[in-house]
Amino acid sequence: MSEKMITFKIDGVEIKAKVGQTIMQAADEAGVYIPRLCYLKDLTPHGSCRVCTVKVNGRCQTACTEPAVDGAEVENKTEEIEGIRRDIVDMLFVEGNHFCMFCEKSGNCELQAEAYRLSICAPKFPYLFPARDLDGTHPDIFIDRNRCILCGRCVNASRDVDGKTVFEFVGRGSEKKVAVNADANLGDTNMAITDKAADVCPVGAIIKKRVGFAVPVGKRIYDEKPIGSDIEAKS
Amino acid sequence: MSDNNLKKIIIEPVTRVEGHGKVSLLLDEQNNVKQARLHIVEFRGFERFIVGRPYWEVPVLVQRLCGICPVSHHLAAAKAMDIIAGVDELTPTAEKMRRLMHYGQMFQSHALHFFHLCSPDLLFGFDADPAIRNVIGVARKFPELAVQGVMMRKYGQEIIKATAGKKIHGTGAIPGGINKNLSIEERDFLLKDIDQMVEWSIGAVNIAKDYTLKNVDLAKSFGTFDSNHLGLVREDGAMDLYHGNLRAVDKDGNKIFDQVNYKNYLDYIAEEVKDWSYMKFPFIKSIGPENGWYRVGPLSRVNICDFIDTPLAEKERQEFMAITGGKPNHMTLAYHWTRMIETLHSIEKIKELLNDPDLQGTDLVKIGKRRGEAVGLIEAPRGTLFHHYKVDEHDQVTMANLIVSTTNNNTPMNTAVQKVAEEHLSGKPEITEGLLNHIEVAIRAYDPCLSCATHAMGKMPLIVSLFDHKGELVDKKVKE
């Protein structure tokens, strides 16, 4: 027996979804891109970054956690929603120290790519210039918390995929940060370069050592096409 | 473009040098110039905020010091980080790609300085109306020359793009090698115009040469003073802008030291701090701060080398050296001529490299055993550039010391200004228009970083203050 399907609309276009799928999953399969930062296909979605905010029947929801409902009207690429996303991404920039000009993740960075996609040319909020620390103690992995956007991917990947719980959030509000085994350095943990957690950072906060700028300008992931192009190519 | 927009472009870089080149002239009781001080009051702090960064990031980070010759910083840092990464010798493809990048940068930077910044002085005269004596004036009166300047600069930038990925602030050089080779398409694109570039470079040498020879009396006296000269030379004594050993010669050409491995630079060079400038004053240790200061840059490089290994530039070098009978030439204005000899040398090297199949090689990076300290030197367009780093066991930089080209030329620039001031301030405690113009030209000959902000519209923002023997301000002129 075939799976039960439902139908809903994104920006007026009919989308088919399997029962139990989130709006994000159904949209991805249908070739409709919803911007996202904390969501990663292989990890449990937790709707923390809010970049995938959509309006479902007039109410703001995160597309990565909200189930698709039969007959729902979803607003994705409207001026209002894009404005909300722009502000969220903008705040992520000014709350950290994101210096794209010398960041090795530049061109492969999802935050930078979302900003380009949302046409953010310069931040509209004032920079906070927080004092954040670096951790170079691990032989193969480097942490630069200046660039962390608290997406939680590393926390989830280490816990759910690697079974190691190397990372966790500590602190609240503007003091919140990703800590390593409470208050240790990465070099004190059993994290390995082959761990999923070493591969999931959307920005340049967790990087593999000595890779640096090995990929030349022009060959980086988002040099040619904007983020989301792979999903949109399915439509 | 509106006037407002135009003004913004010009002023923006000037703000980084505190708005103006600042010169103080101190007089003695007879109103003769006792001391001239060129104040560099910009403070960047790069040496501090590199600390903590991972070493492989530094070549890309540190090049942000400059928008005119970032490739120099990129490559000096990469050379240091090669050593940190345990790599003493790069693959032929990596070494030649970096050299191509460097010659491209030398070519574009020298073309920018000569055609855009300096040519108005040479073509119209130092005292010409600033409204004409600028790059727009050159474009009006000598349109072919202006086009050549623009196209030569563009060509150099295309080389940088093909080797570093971007025309400004690229990422090509990485510790232990390079991140790309030169594709056949890129090579053919660059080869298309190479002969034209060689021809224009010969023309540019001739302009600088003819000017100097026609005005040889002026050149001999204008801001001219004896000095030591320092730079890199190859093991066989040839000019080498990318790599070599340190050589310093005195005013007569006698070697103070030669073939010094630059990793030991601290045994030979020290820096003095003075309370009126953020820029330090380097000197040769064995001679001391009083007389041990030296010049760097095109003039020094041509003075110190035994020969240039490209035929056209070597011919020009011989002609240049013949003027002083093979001894070092000390004319400040000769910087322009030697800058163009180097431009010709660079384009000859570029042609040689573009025809080298090693550039299409695929062996790009080597890996070695990590080290904790390294020095990287390169001959930047404006002179010898020193980068020195220490990196801890966590791969983080713990110390950075940068001696940039303009710093090496600090005392020489002050001396040049003093010479010019002595000549144009004749016993009266006042600053004339002629004095202002001549100070401007003397500083510009050294192509210091602040000059980039100054000449484009024929207005070198300059403040000259005159102090009497009691230290009281007696005159001040501001040139906006």
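Preceding this section is the structure that the text describes.
Basis of the calculations
Residues numbered from 1 in each chain as written. Chains lettered and ligands numbered in written order. Predicted model: local features only at pLDDT ≥ 70, side-chain atom pairs only at ≥ 80, totals over all residues. Heavy atoms only, no water. 1 Å grid on protein atoms, 1.4 Å probe; cavity = no way out; pocket = protein on both sides within 12 Å on 5 of 7 lines; lining within 4 Å. Points joined across faces, edges and corners; volume = space filled by probe spheres on them. Nonpolar A, V, L, I, M, F, W, Y, C, P; charged D, E, K, R; others polar. Axes fitted to C-alpha atoms, helices over the stretch in contact; angles between N-to-C directions. Helix = DSSP H or I, 4+ residues; strand = E, 2+ residues; numbered from the N terminus. Parallel < 35°, antiparallel > 145°, perpendicular 65-115°, else oblique. Left-handed = near helix turned anticlockwise from the far one by under 90°. Contact = heavy atoms within 4.5 Å. Buried < 20%, exposed > 50% of the residue type's maximum accessible area, 1.4 Å probe, protein only. Pairing = 2+ DSSP bridges.

Participant: If you had to explain empty space enclosed by the protein to someone new, which residues and values would you point to?
Facilitator: Rolled over the atoms, a probe with the dimensions of a water molecule shows which regions are left empty. Residue and element names in this part refer to chain A. Tallied over the full model, the rule gives 4 cavities of 30 Å³ or more. Roughly 110 Å³ of internal volume is contained in the largest cavity. Per-class residue counts for the lining of the largest cavity are 13 nonpolar, no polar and 1 charged. Of the voids in this model, the second largest cavity is the one considered here, and its volume is about 80 Å³. Along its surface, the second largest cavity is lined by His98, Phe99, Cys100, Cys103, Lys105, Ser106, Cys109, Leu111, Arg147, Val203 and Gly204. Partitioned by chemical class, the residues of the lining of the second largest cavity number 6 nonpolar, 3 polar and 2 charged.

Participant: Which residues make up the packing of helix H5 (residues 92-124) of chain B against helix H9 (residues 194-214) of chain B, and what are the values?
Facilitator: Residue and element names in this part refer to chain B. Contact geometry of H5 with H9 gives a least axis separation of 12 Å together with a crossing angle of 40 degrees. In terms of orientation, H5 lies oblique with respect to H9. By crossing handedness, the relation of H5 to H9 is classed as left-handed. Each of Phe107, Phe114, Phe115 and Leu122 in H5 lies in contact with H9, whose residues at this interface are Met197, Ser201, Ala204, Ile207, Ala208 and Tyr211. Within the contact of H5 with H9, the residues separate by chemical class into 9 nonpolar, 1 polar and no charged.

Participant: Describe helix H3 (residues 110-117) of chain A, with residues and values.
Facilitator: Judged by how many residues are buried, H3(A) sits mostly within the fold: 6 of 8 residues are covered. Looking one or two residues past H3(A), A:Ser119 carries a phi angle of roughly 60 degrees, positive in sign.

Participant: Which residues make up unusual backbone geometry, and what values do they have?
Facilitator: Residues and elements named next belong to chain A. In this model, Leu150 sits at a positive phi of 55 degrees, which is unusual for a non-glycine residue. Inspection of the secondary structure puts Leu150 in the loop between strand S7 (141-144) and helix H4 (153-161). The exposure class of Leu150 is partly exposed, given its relative accessible area of 28%. Here the phi dihedral of Arg210 falls at roughly 65 degrees; this positive angle occurs in a residue that is not glycine. Looking at Arg210, the relative accessible area reads 42%, which means it is partly exposed.

Participant: With reference to specific residues and values, describe the sheet that holds strand S11 (residues 373-380) of chain B.
Facilitator: Residue and element names in this part refer to chain B. Within the open sheet, the 3 strands sit side by side as S11-S12-S13. Their pairing is antiparallel. Either end of the sheet is taken by a strand with one partner, and the two such strands are S11 and strand S13 (397-403). The average undirected angle you get between the axes of adjacent strands in this sheet is 15 degrees. Bridging between S11 and strand S12 (residues 383-391) involves 8 bridges; their strand directions are antiparallel. Along S12, the bridge assignment pairs Ala374 with Tyr389. On top of the sheet, helix H4 (residues 70-84) reaches S11, S12 and S13; it is set at about 150 degrees to S11, its chief contact.

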